[in-house]
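# Close look at the chain arrangement
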Amino acid sequence: MNSLRLHSAFGLLLRPAAAAPVGVSTAVHGLRAFSATTSSQSAEAAPSPVPKPKTWIPNPTPFVPNVQTFLTLIGRDLKSHASKFPSWDSLFSLSSEQLRELGVEPPRSRRYLLRWRDKFARGEYGIGGDLKYVKGGKAILKLVEKVKSPELRLRYVVNVPEGKEVEDLPLSQQVRAKGFKVRGVDKITGPYVLPLKGGRAAVLKVTEGMWEDKRGHKVDGGERRRAEVRFKRGVAERKARREAQGLY
């Protein structure tokens, strides 16, 4: 009896392990394959960090050659901060936080400056910003008249160097100045334009606020407080009328 039991025990120990069921093995293999595929797809789908674009610094123009002129043109008393910018590059590269540390206040002034920086970098100038011949903050404008036919005369305004005439410039440089018109016989008109003696010529000078975006004024406290302001005013007016009538 004991020998039979020992024989049975040795048989169990020496028996090879049973293979896992086919369905279970396939499921495990599929799960591992899905996990590996998902991990690889996640790694491929993860976006790589995008490098921060460098700040575009535009070149000065003949009409806007330096920081002082730029801040003078855009107005809102920003020219008082000109000494805080050591160079043209610093004016166009400092962040809003850095402008705050320099003392450019209030916040709306910083936003306004940043907006004009972007516009200038895109080539969106105010009046006179595209003029080529400028000396000492002054640009000379002259009238050009071309007769196309007995019935048609073409008149426009060009910018010329000081002391020069339109005829002294080659045709390729007789470019029409934007923002100016000819009125009457020979009068050049446009924002901040001053006529010169003899007619057919004018001068444009750098003036504070030439490019300024004018702000509107609030009526009765603006949209958010208008109802409250008008209600309180009505209460005060009714009280004043009652006092005048001796009802108080």
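Values in this document were obtained by computation on a predicted structure and should not be read as measured data.

Parameters and conventions
Residues numbered from 1 in each chain as written. Predicted model: local features only at pLDDT ≥ 70, side-chain atom pairs only at ≥ 80, totals over all residues. Heavy atoms only, no water. Helix = DSSP H or I, 4+ residues; strand = E, 2+ residues; numbered from the N terminus. Buried < 20%, exposed > 50% of the residue type's maximum accessible area, 1.4 Å probe, protein only. Contact = heavy atoms within 4.5 Å. Areas by Shrake-Rupley, 256 points an atom, 1.4 Å probe, with all protein chains shown as cover. Phe/Tyr/Trp six-rings, centres within 6.5 Å; stacked < 30°, edge-to-face > 60°. Pairing = 2+ DSSP bridges. Axes fitted to C-alpha atoms, helices over the stretch in contact; angles between N-to-C directions. Salt bridge = Lys/Arg side-chain N within 4 Å of Asp/Glu carboxyl O. Core = buried A, V, L, I, M, F, W, Y, C linked by side-chain atoms within 4.5 Å. Domains from an automatic or database assignment. Parallel < 35°, antiparallel > 145°, perpendicular 65-115°, else oblique. Left-handed = near helix turned anticlockwise from the far one by under 90°. Nonpolar A, V, L, I, M, F, W, Y, C, P; charged D, E, K, R; others polar. Polar contact = N/O pair within 3.5 Å; in protein donor to acceptor, adjacent residues only side chain to side chain. Expected span 1.5 Å × (residues − 1). Patch = residues over 30% accessible without salt bridge, like charges linked within 9 Å, V, L, I, M, F, W, Y side chains within 5 Å. Lys, Arg positive; Asp, Glu negative; His and termini not counted. Charge placed at Lys NZ, Arg CZ, Asp CG, Glu CD.

## Thoughts on the overall build of the protein
Secondary structure summary: the protein contains seven helices and six strands in total. Across the protein, helices and strands are ordered from the amino to the carboxyl terminus as α-α-α-α-α-α-β-β-β-β-β-β-α. Looking at the protein residue by residue over its 248 residues, the buried ones come to 27%. Here the analysis covers contacts within the protein between residues at least 6 apart in sequence; of these, 51% occur between residues at least 24 apart. Of the roughly 17800 Å² of accessible surface on the protein, 56% is carried by carbon and sulfur atoms.

## Examining the packing of aromatic side chains
Per the counting criterion, the structure on display carries nine aromatic pairs. Arranged with centres 5.8 Å apart and planes meeting at 70 degrees, the rings of Trp88 and Phe120 form a pair that is edge-to-face. Taken together, the residues Trp88 in helix H4 (residues 88-93) and Phe120 in helix H6 (residues 107-121) connect sequence positions 32 residues apart. Between the aromatic rings of Phe120 and Tyr125, the centroid separation amounts to 4.9 Å while the plane-to-plane angle is 50 degrees, which identifies the pairing as tilted.

## What about the sheet that holds strand E6 (residues 201-205)?
Spatially, E2-E1-E6-E5 is the arrangement adopted by the four strands of the open sheet, whose pairing is antiparallel. Pairing within the sheet leaves two strands with one partner each, and these edge strands are strand E2 (152-160) and strand E5 (193-195). Along the sheet, successive strands turn relative to each other by an average axial angle of 30 degrees, direction set aside. Examined bridge by bridge, strand E1 (residues 138-149) and E2 share nine bridges and lie antiparallel to one another. Along E2, the bridge assignment pairs Leu143 with Val157.

## Some remarks on the pattern of salt bridges
Enumeration according to the criterion identifies ten salt bridges in this entry. A salt bridge links Arg153 to Glu145, with the shortest nitrogen-to-oxygen separation between them at 3.2 Å.

## Topic: the nonpolar core
Most often, soluble globular proteins have nonpolar side chains that are buried together. Core analysis: the biggest nonpolar cluster contains 36 residues, and Phe70, Leu71, Ile74, Phe85, Leu113, Leu141 and Trp211 have the highest contact counts within it. Taken together, the elements giving at least two residues each to this core come down to helix H3 (67-74), H4, H6, E1 and E6. Counting contributing residues per domain, this core is built from domain 1 (67-122) and domain 2 (134-205), each supplying no fewer than three. The contacts of Trp211, once residues within four sequence positions are left out, are Phe63, Val64, Leu73, Ile74, Tyr112, Trp116, Phe120, Tyr125, Gly126, Ile127 and Gly129.

## With respect to the packing of H3 against H6
Interaxial distance between H3 and H6 falls to 11 Å at its minimum, and their mutual angle equals 110 degrees. As far as their axial angle goes, H6 and H3 are roughly perpendicular. The handedness of the crossing between H3 and H6 is right-handed. On H6, the residues that touch Phe70, Leu71 and Ile74 of H3 are Tyr112, Leu113, Trp116, Arg117 and Phe120. Split by residue class, the contact of H3 with H6 holds seven nonpolar, no polar and one charged.

## A short note on H3
Think of an α-helix as 3.6 residues a turn; residues three or four steps apart then line up on the same face. For H3, the buried fraction is high: seven of the eight residues fall into the buried class. Regarding H3, the residues found buried are Val67, Thr69, Phe70, Leu71, Thr72, Leu73 and Ile74. Taken together, the buried residues of H3 touch H4 and H6. Between the side-chain oxygen at the start of H3 and the backbone nitrogen of Gln68 there is a gap of 3.4 Å, and the oxygen is on Asn66.

## Concerning H6
Look at H6: 21 Å from first C-alpha to last across 15 residues, which is about the 21 Å you get at 1.5 Å a residue. Looking only at H6, the buried set comprises Ser109, Arg110, Tyr112, Leu113, Leu114, Trp116, Arg117, Lys119 and Phe120. Looking at the buried residues of H6, the elements they touch are H3, H4 and helix H5 (96-102). Following H6 by one or two positions, Gly123 has its phi on the positive side, about 85 degrees.

## Here we look at a positive patch on the surface
Residues Arg108, Arg111, Arg115 and Arg215 make up a contiguous surface patch of positive charge. A relative accessible area of 47% places Arg108 in the partly exposed class.

## Side note on the pairing of E1
In this structure, E1 lies alongside E6, joined through five bridges in antiparallel fashion. Within E6, the position partnered with Ala139 by the bridge is Leu204. The turn linking E1 back onto E2 is made up of two residues.

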